[in-house]
Amino acid sequence: MSGEVLMNAGEGGVVHVTLRHTGRLNAMSRPMWRQLRAVFEAVQRRSEARCVVIAGEGGAFCAGGDISEYPGFRFDVEGLRDFHENDVWGGLNAMLQCDVPIVAQISGACMGAGVEIASCCDIRIAGQGARFGAPIAKLGFPMAPREAQLVAGAVGEVIARQMLLEAATFNAPDMLARGFLSRVVPDDQVAAEAQGCAARIAALAPQAARMNKQTLRALKVPPALAGQAQTAIKNIANNALAADPYAYAPSAEHREGINAFLQKRSPVF
């Protein structure tokens, strides 16, 4: 089983999206990224949708990517580019472009892909025991350009550098203090708090909520710089500059990091 992303319409215009990958702490597989995109494109089209609550099944939000499938495509430059630019960014961008407010209900592990998904949400509510990070340096690869821009914008540059360069992880109070989380509650109250938040949003004017999201999205980049910023990140991602961000695909350290994880040993870089 490669996992799935489920969508269920609740009461009062609240849509529930669930990340489910049993036995892998809801790690994101390629099919799950594609389903995430389809789900949020569907939410965008639902005129009756007033709020989305996204959560992981069981005791985790999302522990990252499904590393077991990585040897099948990560060591090829174009395969790696396709994965990040189409599968992963397709899912994340569908969330970013969704005008319906999104509440993240975060429990347990929120690592790598989990931080990226949470970064696309408007309100992030976490349990006291939640953990955050992107320790992919241990796996021998960097974060893709668009994803790094997204995460740094949400968690802040200081935290992003610690996550990516030190493989540092943070607890929920840390992330609340840094402004990433909206609030932290006891672990057994996360679902109720997220549902209550969604109900409050859903009771307000839905058109105003969608328009506010459109405005906030436009304001993230000053108009005078918007074209330059978008061109820059596209150039990096699409290899229009000298350094191809996906050229590391066949590198020895990339293979060593992933193989060491799958073999349950420490990597030697």
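Quick note: structure is the one above.
Computed from a predicted model, the values in this text were never measured in an experiment.

For R146, the location among the structural elements is in helix α4 (residues 145-155). For R146, a relative accessible area of 14% gives the class buried. Sequence separation between R146 and H84 is 62 residues; the distance between their C-alpha atoms is 8.7 Å. Within polar-contact distance, the side chain of R146 engages the side chain of E85 at 2.6 Å.

With that settled, the discussion passes to the packing of helix α2 (residues 77-96) against α4. Relative orientation and spacing of two packed helices are given, respectively, by the angle between their axes and the distance between those axes. Relative orientation of the contacting elements α2 and α4 amounts to 30°, with a least axis distance of 10 Å. Viewed along their axes, α2 and α4 adopt a mutual orientation that is roughly parallel. Of the two possible hands of crossing, α2 and α4 adopt the one that is left-handed. Between α2 and α4, the contacting residues are H84, E85, V88, W89, L92 and L96 on the first element and R146, E147 and L150 on the second. Residues of the contact of α2 with α4, tallied by class, amount to five nonpolar, one polar and three charged.

Our focus in this paragraph is helix α1 (residues 30-45). Along its 16 residues, α1 runs 23 Å from first to last C-alpha, staying within 8% of the 22 Å computed at 1.5 Å per residue. By the burial criterion, the buried members of α1 are R30, M32, W33, L36, V39, F40, A42 and V43.

Turning next to the pairing of strand β4 (residues 102-106). With respect to burial, β4 is a largely interior element, five of its five residues being buried. Alignment of strand β3 (residues 51-56) against β4, held across four bridges, turns out to be parallel. Opposite V53, over in β4, you have V103 as the bridge partner. Where the polypeptide runs from β3 across α2 and back to β4, its parallel neighbour, the crossover connection is right-handed. Across four bridges, β4 lies against strand β6 (residues 123-127) in parallel orientation. Residue pairing in the sheet places A104 in a bridge with R124 of β6.

Whenever strands of a sheet pair, they do so through backbone hydrogen bonds, lying parallel or antiparallel. If you walk across this open sheet you meet the six strands as β1-β2-β3-β4-β6-β9, and the pairing is mixed. Only two strands of the sheet have a single partner each, and these edge strands are β1 (4-9) and β9 (183-185). Taking the axes of each pair of neighbouring strands and ignoring which way they run, one obtains an average angle of 20° across the sheet. In this sheet, β3 lies alongside strand β2 (residues 14-20) in parallel orientation, the contact comprising six bridges. Note that in β3 the partner of V15 across the bridge is V52.

So, how was this worked out
Residues numbered from 1 in each chain as written. Predicted model: local features only at pLDDT ≥ 70, side-chain atom pairs only at ≥ 80, totals over all residues. Heavy atoms only, no water. Helix = DSSP H or I, 4+ residues; strand = E, 2+ residues; numbered from the N terminus. Buried < 20%, exposed > 50% of the residue type's maximum accessible area, 1.4 Å probe, protein only. Polar contact = N/O pair within 3.5 Å; in protein donor to acceptor, adjacent residues only side chain to side chain. Axes fitted to C-alpha atoms, helices over the stretch in contact; angles between N-to-C directions. Parallel < 35°, antiparallel > 145°, perpendicular 65-115°, else oblique. Left-handed = near helix turned anticlockwise from the far one by under 90°. Contact = heavy atoms within 4.5 Å. Nonpolar A, V, L, I, M, F, W, Y, C, P; charged D, E, K, R; others polar. Expected span 1.5 Å × (residues − 1). Pairing = 2+ DSSP bridges. Right-handed = clockwise from strand over helix to strand, strands pointing away.

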